[in-house]
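Each chain, written out:
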Amino acid sequence: MGRSRGRLSASALTTYLRCPRQWLLTYQAGLSGPKRPSQILGVVLEEAVCALMMHHPPPEVVGPEGLRQWAQPLVDELATKAWEDGRKAWGASLWKAEKASWDDVTVASLVERINGGLDLFLEEVKACFEQNGGPFLETHRSGKSPFSVPSPSWGRAPVFPLPEKLPDAALRRWSADSSPAWQAQDERCRWNEAWECARPWFKDPRVHQPQRLYHPDGWASGELDLVLRWDGQTRIVDIKSGRSSSPFASSLEHQLRFYAWLWHQTHGGEIAQGMEGWYLADSKRVIYSPPTTDEMSGLTTSFRATHEAMQNAAEGVLAFPGTELEACTGEQAGCGWCAVSQSESGTWVGPDFSKWIASATQGSLSSPYQNLVSIQGRVSVRGRLTGAWGPMSNHFGEPVLGALLVVGDQHITVEESEPGAFQGLHNFVDQDVVLSNALPGVWRDQARLYLDQRSMAFSEGDMVEEPGPFTRLGLLRTRANVAGRVLSIGQRSGVRIDGKPWSMLSLILWDGSHIAEVVAFGQSISQRLLALQPGDAVAMTGVELGWRGGILQLRIDNRKTRIETPRSA
Ligand code: SF4
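Values in this document were obtained by computation on a predicted structure and should not be read as measured data.

## A word on the overall build of the protein
Moving on, step 1. Check the secondary structure of the protein and you find eleven helices and 22 strands.
Moving on, step 2. Overall size of the protein, expressed as C-alpha extent along the three principal axes, is 80 × 55 × 45 Å.
Moving on, step 3. Excluding contacts between residues fewer than 6 apart, the proportion of contacts in the protein whose partners are at least 24 apart in sequence is 70%.
Moving on, step 4. Carbon and sulfur atoms provide 52% of the accessible area of the protein, an area that totals close to 25,500 Å².

Listed below in structure tokens is the structure:
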């Protein structure tokens, strides 16, 4: 549910390679710029192109032109639905780019781009037809799928990565108003059959669970857009809603090499034979040479090094603006945050999308509010570790290890901050232990201690040197009073692995020298929060302490957190 900051992903990698500072602000701090329609277009168009390929052409259709004519009404219908879905997503965006509007997006432009995807797919269908349906035609005709995860199609039940998490999976019906029309064995392949055979694997729009590849060691993961495999070769494709001339095109090869590497790591060393970018706006296919077997260990080393650099990039409370970096213009990366700076005379300047910064005055904080940087960070505690459990879902729905630390008549829950962040926790059960570099927090009003890669545990007997002053459980700070300005704000919603809906609002609070992400879930998302905009002043008392990837994340608890939004300049 929450952003996993512990795993390397393709988008995090390409952002980091483009600018480590942008990666830190975006992926670690959660700072985002104003929403642009193009960011929504990518999602709704990809779903529309995939939904189109899930349909079943009639047996009488002939040739690519025949298939195009049959598909046109579907394209129009899907374009209208994509426009409607995009309009809703745009409406739900809390911070929109100035002068941008979803009305600038026309259904006709969506039709054009979906047709761009259709063109690219029809090239596959044509090649498949010319190869008499490819090596799997007869398997398909026998009603079986040649693949453990079949290509999604209407009328065929989807494959859920975790079906056991779906109580009603068996009750769901997946019927459709059309089905594949296969001929008898050994007949010459027909065009509709070539469509069915050429259909690639892609994320099934009916499946809400993450359809991702997870590295067996847990430190990398990726969600592929599309995998072509009708000819027995594996080709990894990434769908882009824009033109092949877009400024972001330069990072596509890095992204695809990461996917090809992940495929190798998660498919018993199998190599992808091809990797392509499909650009919908100009229906261009950009082909890259995939990494060879010999290159794989080098890629593992470099990705691992990047991941470690990311893990060690920062922790605690992030300073903003950064001091040392020269600002790029930001256009290239759709960023611009380095433009925020203060002159010697004290006046602020900021990027175009945050003009309010120039007129903002950051007065000194008065009680009860404290500067973000003064919030208590890592602590050392000692006690007896008992009652181990897990992996069990944490409040982000992620499986983590937990245990209980008992000190006299007091006890506190100790938990991994993220899956795999402190795998040795249970090795210390039923021992007197020292936990150092632990992160204090709270959940459902109960204080908690989080352990991550920087935390350490010793059994009392093995401790050579005291890790620094110990904090008594009763003195652990689990809440804070903070104030500042909203730097960015956004919200997301979705469906959990078990089918339950979730919603999350995230804003970045800036107190003039440091930033912290403030999140609210479900019922804690109030109208007052939803009405906040960048530049607004906000003050909160009793906000919960939490940590993501060792970085401060404050959580709003609608029963205990008091929010004020002074209308002052
Ligand atoms: S403004 Fe440029 S240099 Fe600064 S973080 Fe963004 S991309 Fe990087």
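Structure's up, so let's keep going.
## Concerning the side chain of Glu 46
Moving on, step 1. Mapped onto the secondary structure, Glu 46 falls in helix H3 (residues 37-53).
Moving on, step 2. With relative accessibility at 14%, the residue Glu 46 sits in the buried group.
Moving on, step 3. What Glu 46 contacts, discounting residues up to four positions off in sequence, is Lys 203, Asp 225 and Ile 239.

## Some points on unusual backbone geometry
Moving on, step 1. The peptide bond linking Phe 320 to Pro 321 adopts the cis configuration, its omega dihedral lying at 0°.
Moving on, step 2. Residues Gly 390 and Pro 391 are joined by a peptide bond in cis, for which omega reads 10°.
Moving on, step 3. Along the chain, the position of Pro 391 falls in strand S11 (residues 379-393).
Moving on, step 4. In the Ramachandran plot, Asn 132 falls in the positive-phi region, its phi being about 50° despite a non-glycine side chain.
Moving on, step 5. Not every positive phi belongs to a glycine, and Asp 430 is a case in point at roughly 60°.
Moving on, step 6. With respect to the helices, strands and loops of the structure, Asp 430 is situated in the loop between strand S13 (410-416) and strand S14 (431-443).

## Description of helix H4 (residues 63-92)
Moving on, step 1. Helix length check: H4 (30 residues) gives 42 Å between terminal C-alpha atoms against 44 Å at 1.5 Å per residue, within 8%.
Moving on, step 2. At Ala 71, H4 shows its strongest bend, of approximately 40°, with the proline Pro 73 following within four residues.

## Things to note about the packing of helix H5 (residues 107-130) against helix H7 (residues 191-198)
Moving on, step 1. Running from amino to carboxyl end, H5 crosses H7 at an angle of 110°, the nearest separation of the two axes being 8 Å. Here H5 is positioned roughly perpendicular relative to H7, judged by the angle of their axes. Crossing of H5 over H7 shows right-handed handedness. Residues Leu 118, Phe 121, Leu 122, Glu 124, Val 125, Lys 126, Cys 128 and Phe 129 of H5 form the contact with H7, whose own contacting residues are Trp 191, Ala 194, Trp 195, Cys 197 and Ala 198.

## Quick look at H3
Moving on, step 1. In this model H3 runs 24 Å from its N-terminal to its C-terminal C-alpha over 17 residues, within 8% of the 24 Å that 1.5 Å per residue would give.
Moving on, step 2. Judged by how many residues are buried, H3 sits mostly within the fold: twelve of 17 residues are covered.
Moving on, step 3. Within H3, burial applies to Pro 37, Ile 40, Leu 41, Val 44, Leu 45, Glu 46, Ala 48, Val 49, Cys 50, Ala 51, Leu 52 and Met 53.
Moving on, step 4. If you follow the buried residues of H3, they end up packed against H4, H5, H7, strand S1 (201-202), strand S4 (226-228) and strand S5 (235-240).

## Some remarks on the nonpolar core
Moving on, step 1. Counting 80 residues, the largest nonpolar core has Phe 258, Leu 487, Leu 507 and Leu 554 as its most contacted members.
Moving on, step 2. Among the elements that take part in this core, helix H8 (residues 252-266) stands out by supplying eight residues, more than any other.
Moving on, step 3. Excluding residues within four positions of it along the chain, Leu 487 makes contact with Leu 31, Trp 95, Phe 320, Trp 337, Trp 356, Ile 357, Ile 508, Trp 510, Ile 515 and Pro 534.
Moving on, step 4. Counting residues in hydrophobic clusters, the runner-up holds 49 residues, among them Leu 41, Val 61, Trp 278 and Leu 280.

## Points about the domain arrangement of the protein
Moving on, step 1. Entries for the protein in the domain assignment read domain 1 (1-32 + 218-313), domain 2 (376-475) and domain 3 (479-564).
Moving on, step 2. Just the C-alpha atoms count here: the centres of domain 2 and domain 3 sit 25 Å apart.
Moving on, step 3. In total, domain 2 and domain 3 occlude about 1,300 Å² of area from one another, counting both sides; carbon and sulfur atoms represent 50% of this.
Moving on, step 4. For the interface between domain 2 and domain 3, the tally reads zero salt bridges.
Moving on, step 5. Counting across the domain 2 and domain 3 interface gives four residue pairs in polar contact (both at pLDDT 80 or more).
Moving on, step 6. Ranked by residue count, the leading element in the side of domain 2 that touches domain 3 is S14, at five residues.
Moving on, step 7. Split into classes, the residues belonging to the side of domain 2 that touches domain 3 amount to six nonpolar, five polar and seven charged.

## Description of the sheet that holds S4
Moving on, step 1. Taken in spatial order, the five strands line up as S1-S4-S5-S6-S7 in an open sheet, and their pairing is mixed. Whereas interior strands pair on both sides, the edge strands pair on one side only; in this sheet they are S1 and strand S7 (284-288).
Moving on, step 2. One ladder, built from five bridges, connects strand S6 (residues 274-279) with S7; its direction is antiparallel. Paired with Glu 276 across the two strands is Ile 287, which belongs to S7.
Moving on, step 3. Of the strands in this sheet, S4, S5, S6 and S7 touch H5, which is tilted by about 145° from S6.

## Overview of the pattern of salt bridges
Moving on, step 1. In total, this model carries 35 salt bridges according to the counting rule given.
Moving on, step 2. A salt bridge links Asp 119 to Arg 68, with the shortest nitrogen-to-oxygen separation between them at 2.5 Å. Residue Asp 119 is found in helix H5, and its partner Arg 68 is found in helix H4; the two are separated by 51 residues along the sequence.
Moving on, step 3. Connected via shared salt-bridge partners are Glu 123, Glu 124, Asp 231, Arg 235, Glu 276 and Arg 285.

## Details of the environment of Val 111
Moving on, step 1. Mapped onto the elements, Val 111 comes out in helix H5.
Moving on, step 2. In sequence terms Val 111 and Pro 150 are 39 residues apart; their C-alpha atoms lie 27 Å from each other.
Moving on, step 3. Excluding residues within four positions of it along the chain, Val 111 makes contact with Gln 72, Val 75, Asp 76 and Ala 79.

Cut-offs used in this document
- Residues numbered from 1 in each chain as written.
- Predicted model: local features only at pLDDT ≥ 70, side-chain atom pairs only at ≥ 80, totals over all residues.
- Heavy atoms only, no water.
- Helix = DSSP H or I, 4+ residues; strand = E, 2+ residues; numbered from the N terminus.
- Contact = heavy atoms within 4.5 Å.
- Areas by Shrake-Rupley, 256 points an atom, 1.4 Å probe, with all protein chains shown as cover.
- Buried < 20%, exposed > 50% of the residue type's maximum accessible area, 1.4 Å probe, protein only.
- Expected span 1.5 Å × (residues − 1).
- Bend = angle between axes of the 7 residues up to and from the residue.
- Axes fitted to C-alpha atoms, helices over the stretch in contact; angles between N-to-C directions.
- Parallel < 35°, antiparallel > 145°, perpendicular 65-115°, else oblique.
- Left-handed = near helix turned anticlockwise from the far one by under 90°.
- Core = buried A, V, L, I, M, F, W, Y, C linked by side-chain atoms within 4.5 Å.
- Domains from an automatic or database assignment.
- Buried area = accessible area lost by both parts, 1.4 Å probe.
- Salt bridge = Lys/Arg side-chain N within 4 Å of Asp/Glu carboxyl O.
- Polar contact = N/O pair within 3.5 Å; in protein donor to acceptor, adjacent residues only side chain to side chain.
- Nonpolar A, V, L, I, M, F, W, Y, C, P; charged D, E, K, R; others polar.
- Pairing = 2+ DSSP bridges.

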